[in-house]
Amino acid sequence: MREVTMFVQEVLPVFENWIRTTISDEVSKVLEADRQKQKPSKKYTRKEVSKMASISLPTLWQKTKNGEINATHIGRRVLYDEAEVKRFLGQ
């Protein structure tokens, strides 16, 4: 019985450290994922999107009007969300 007690006393700190490290790593991953969700996504101007897509500004305007790519209007500015641009370019 004494041997079992000594074994547990030796193993328990190692196991406890492993559990702490594992929990800490998982919490860090969850917090980082939450931070990523809260980050505002990058917005691109009409000029930037037309250059990335190798199309003219009137063609981009027509594609926006037809619903092929969605734009956000902020005042008089027309901006394109990064995820939307990636979706559009991936087509």
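So, here's what we can say about the structure. Owing to the predicted nature of the structure, the values given are computational and were not obtained by experimental measurement.

**Looking at the overall build of the protein**
In terms of regular secondary structure, the protein is built from 4 helices and 3 strands. Along its sequence from the N terminus, the protein presents helices and strands in the succession α-β-α-α-β-β-α. For 91 residues, the compact-globule estimate of 2.2 N^0.38 gives 12 Å, and the protein exceeds it by more than 25% at 26 Å. Taken over the C-alpha atoms alone, the protein extends approximately 85 × 30 × 20 Å along its principal axes. Taking all 91 residues of the protein together, 14% fall into the buried category. Summed over its atoms, the accessible surface of the protein is roughly 7,600 Å², and 58% of this surface lies on carbon and sulfur atoms. Charge-centre separation for the protein: the mean point of 17 positive side chains lies 16 Å from the mean point of 12 negative side chains.

**Things to note about the packing of aromatic side chains**
Across all of its chains, the model carries 1 aromatic pair by this definition. Measuring from ring centre to ring centre gives 5.8 Å for phenylalanine 15 and tryptophan 18, while their planes differ by 25 degrees; the resulting arrangement is stacked. Of the two residues, phenylalanine 15 and tryptophan 18 both sit in helix H1 (residues 2-38), 3 residues apart, roughly one turn of that helix. What makes tryptophan 18 exposed here is its relative accessible area of 53%.

**Some thoughts on the sheet that holds strand E1 (residues 43-45)**
Strands belonging to one sheet form pairs held by backbone hydrogen bonds; the direction of such a pair is parallel or antiparallel. Taken in spatial order, the 3 strands line up as E1-E3-E2 in an open sheet, and their pairing is antiparallel. Two strands in the sheet have a free side with no partner beyond their single neighbour: E1 and strand E2 (72-74). Recorded for the sheet is a direction-independent mean angle of 45 degrees between the axes of neighbouring strands. Where E1 lies against strand E3 (residues 77-81), 3 bridges are found, and the strand directions are antiparallel. The residue bridging threonine 45 from the neighbouring strand is leucine 79, located in E3.

**Notes on the environment of glutamine 9**
Structurally, glutamine 9 is set in helix H1. Among the residues examined, glutamine 9 registers a relative accessible area of 55% and is labelled exposed. In the structure, glutamine 9 is positioned 48 residues away from leucine 57 in sequence and 72 Å away in space, judged by C-alpha atoms.

**Focus on the environment of glutamate 32**
Inspection of the secondary structure assignment puts glutamate 32 in helix H1. According to the relative accessible area criterion, glutamate 32 is partly exposed, its value standing at 35%. Considered as a pair, glutamate 32 and arginine 76 are 44 residues apart in the sequence and their alpha carbons are 34 Å apart.

Thresholds applied
- Residues numbered from 1 in each chain as written.
- Predicted model: local features only at pLDDT ≥ 70, side-chain atom pairs only at ≥ 80, totals over all residues.
- Heavy atoms only, no water.
- Helix = DSSP H or I, 4+ residues; strand = E, 2+ residues; numbered from the N terminus.
- Rg over C-alpha atoms; globule rule 2.2 N^0.38 Å.
- Buried < 20%, exposed > 50% of the residue type's maximum accessible area, 1.4 Å probe, protein only.
- Areas by Shrake-Rupley, 256 points an atom, 1.4 Å probe, with all protein chains shown as cover.
- Lys, Arg positive; Asp, Glu negative; His and termini not counted.
- Charge placed at Lys NZ, Arg CZ, Asp CG, Glu CD.
- Phe/Tyr/Trp six-rings, centres within 6.5 Å; stacked < 30°, edge-to-face > 60°.
- Pairing = 2+ DSSP bridges.
- Axes fitted to C-alpha atoms, helices over the stretch in contact; angles between N-to-C directions.

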